[in-house]
Amino acid sequence: MVKVIFYNLLRSKYHLEQVLVSPGTITDIFHEILVKYPQIESNDLFGAMVFDHGKAIHQEQFSRFIVDLSEIIVTHFVGGG
Amino acid sequence: MNEPWTKMNSGILSLDDQELLSNCRVLLVGCGGIGGYLANHLVRLGLGHLTLVDFDRFETTNLNRQLFSSTMTVEKYKANVLQEELLKVNPLADINTIIDRIENIPETIFFQIDYVLDALDSGPSKIALSRLAQRLGVPLLHGSCGGWYGQFGWIYPNSSVLEEIYETKQPGLEQSLMNPSFAPASVASFMASEFVKMIQHDPTVAHTKLTLIDLKTNAILSIDRRE
């Protein structure tokens with residue numbers, strides 16, 4: 001299983017801290033999360049940024065496969081100054 | 001009035017630390033929300049040499065959050081206003097301003113800089129600043145905010161984390177949640193304390209972490225970065 005940890009907007013808006021899902025692409029993982037938690041707005045999830053082993057991944061790279069026993073962080077970035 | 005004006009910093013800053021701060025040369029890019037609060041913190045901590053870079057002028061939409069914006073400073077260049085106000089705090093500080101975009105400034109101007117501070121509000125400019133710090137071979141302290149949220153962390157010349165975060169067409173949360181005053185103020189405070197810890201070579205400094213601040217739930221979470 002893959003451990004998905006939510007930070008920032010997803011955590012404070014939906015009161016979710018973490019969930020276990022099946023290995024797969026980030027897109028697959030997000031679809032599984034949307035089935036488990038239908039209250040999550042799809043745009044909130046697919047507009048997020050994922051950290052996999054410390055590397056930041058955006059929507060353009062959500063075809064990246066997350067292997068079994070991984071731990072990923074799903075959050076949003078901010079760019080205001 | 002015989003006591004040093006920095007006396008109330010002395011509980012956490014030794015005389016050696018204060019000497020390091022007074023000799024330190026810092027480049028702060030972005031003089032708006034985070035930049036205004038951060039410059040204020042650093043000068044009051046006793047920073048000796050500060051170069052402020054911002055091409056922009058204060059406008060009325062800055063009044064909700066940018067420390068030195070006021071009805072008296074609207075339409076004035078942000079960097080010049082910060083310089084004027086901060087010299088009232090420490091007239092002996094060496095505070096210079098450059099009114100231009102960081103992308104337009106020849107890097108030879110910055111060869112003496114010890115640290116680069118990122119208080120910019122544009123992804124492409126953050127990437128340009130990160131690459132400048134890489135070429136100068138100096139650490140960059142990154143900070144950003146939006147809505148209830150903020151992020152900060154030290155970025156070293158071998159790191160591409162700002163490119164990873166900001167080389168995207170995805171908008172940051174600030175585009176939808178905007179920026180209330182407490183978010184830049186909070187991020188700037190964390191950045192200032194990180195800066196002090198860096199000067200002190202404190203082992204708790206967030207060397208390879210991107211720290212996220214969630215003011216909605218009062219959570220502070222760190223992500224270990226791959227460098």
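In what follows, the structure referred to is the one given above.
As the structure is a prediction and not an experimental result, all values here were calculated from the model.

Criteria and cut-off values
- Residues numbered from 1 in each chain as written.
- Chains lettered and ligands numbered in written order.
- Predicted model: local features only at pLDDT ≥ 70, side-chain atom pairs only at ≥ 80, totals over all residues.
- Helix = DSSP H or I, 4+ residues; strand = E, 2+ residues; numbered from the N terminus.
- Contact = placed C-beta atoms within 7 Å.
- Nonpolar A, V, L, I, M, F, W, Y, C, P; charged D, E, K, R; others polar.
- Axes fitted to C-alpha atoms, helices over the stretch in contact; angles between N-to-C directions.
- Parallel < 35°, antiparallel > 145°, perpendicular 65-115°, else oblique.
- Left-handed = near helix turned anticlockwise from the far one by under 90°.
- Core = buried A, V, L, I, M, F, W, Y, C linked by C-beta atoms within 7 Å.
- Buried ≥ 20, exposed ≤ 12 C-beta atoms within 10 Å, placed from the backbone.
- Pairing = 2+ DSSP bridges.

Student: Residue-level account of unusual backbone geometry, with values.
Tutor: Of note, His15(A) is a non-glycine position whose phi angle comes to about 55 degrees, a positive value. Along the polypeptide, His15(A) turns up in the loop between α1 (8-14) and β2 (18-21). At Met178(B), a residue that is not glycine, the phi angle is positive and equals roughly 60 degrees. Tracing the backbone shows Met178(B) in the loop between α6 (174-177) and α7 (182-199).

Student: Break down the interface of chain B and chain A for me, with residues and values.
Tutor: Every contact between the two is made by 35 residues of chain B and, on the other side, 22 residues of chain A. Listing elements by their share of the side of chain B that touches chain A, those giving two or more residues are α2 (33-45), β5 (140-146), β6 (149-155), α5 (161-166), β7 (209-214) and β8 (219-224) of chain B. Split by residue class, the side of chain B that touches chain A holds 13 nonpolar, 14 polar and eight charged.

Student: Before we move on, can you summarise the packing of α2(B) against α7(B) with the specific residues and values?
Tutor: How two helices sit against one another is set out by the angle between their axes and by the gap between those axes. Residues and elements named next belong to chain B. Look at α2 against α7: their axes get within 8 Å of each other, and the N-to-C directions meet at 40 degrees. Put simply, α2 runs oblique to α7. Between α2 and α7 lies a crossing whose hand is right-handed. Along its contact with α2, which presents Gly-33, Ile-34, Tyr-37, Leu-38, His-41, Leu-42 and Leu-45, the element α7 presents Pro-184, Ala-185, Val-187, Ala-188, Ser-189, Met-191, Ala-192, Phe-195 and Val-196. Counted by class, the contact of α2 with α7 contains 13 nonpolar, three polar and no charged residues.

Student: Report on the packing of α2(B) against helix α3 (residues 78-89) of chain B, specifying residues and quantitative values.
Tutor: Residues and elements named next belong to chain B. At a closest axis distance of 10 Å, the pairing of α2 and α3 adopts a crossing angle of 25 degrees. In terms of their interaxial angle, α2 and α3 are classed as roughly parallel. Here α2 and α3 pass one another in a crossing that is right-handed. Contact residues: α2 offers Gly-36, Ala-39, Asn-40, Val-43 and Arg-44, while α3 offers Leu-82, Leu-86 and Val-89. In terms of residue class, the contact of α2 with α3 is made up of five nonpolar, two polar and one charged.

Student: Give me the lowdown on the nonpolar core, citing residues and values where you can.
Tutor: Ranked by size, the top nonpolar core spans 82 residues in total, and within it Leu28(B), Leu38(B), Ala39(B), Leu42(B), Leu117(B) and Met191(B) carry the most contacts. Non-local contacts of Ala39(B), meaning those with residues more than four positions away in its chain, are made with Leu28(B), Cys31(B), Leu50(B), Leu52(B), Leu82(B) and Leu86(B).

Student: Lay out the sheet that holds strand β7 (residues 71-75) of chain A in plain terms, naming residues and giving numbers.
Tutor: All names here are of chain A. Pairing within the open sheet is mixed, and its five strands lie in the order β2-β1-β7-β4-β5. The open sheet has two free edges, formed respectively by β2 and β5 (55-57), since each of these has just one partner strand. Adjacent strand axes in the sheet meet at a mean angle of 25 degrees, parallel and antiparallel pairs treated alike. The strands that helix α2 (residues 26-36) touches are β1 (2-6), β2, β4 (49-52) and β5; relative to β2, the one it contacts most, it runs at about 115 degrees.

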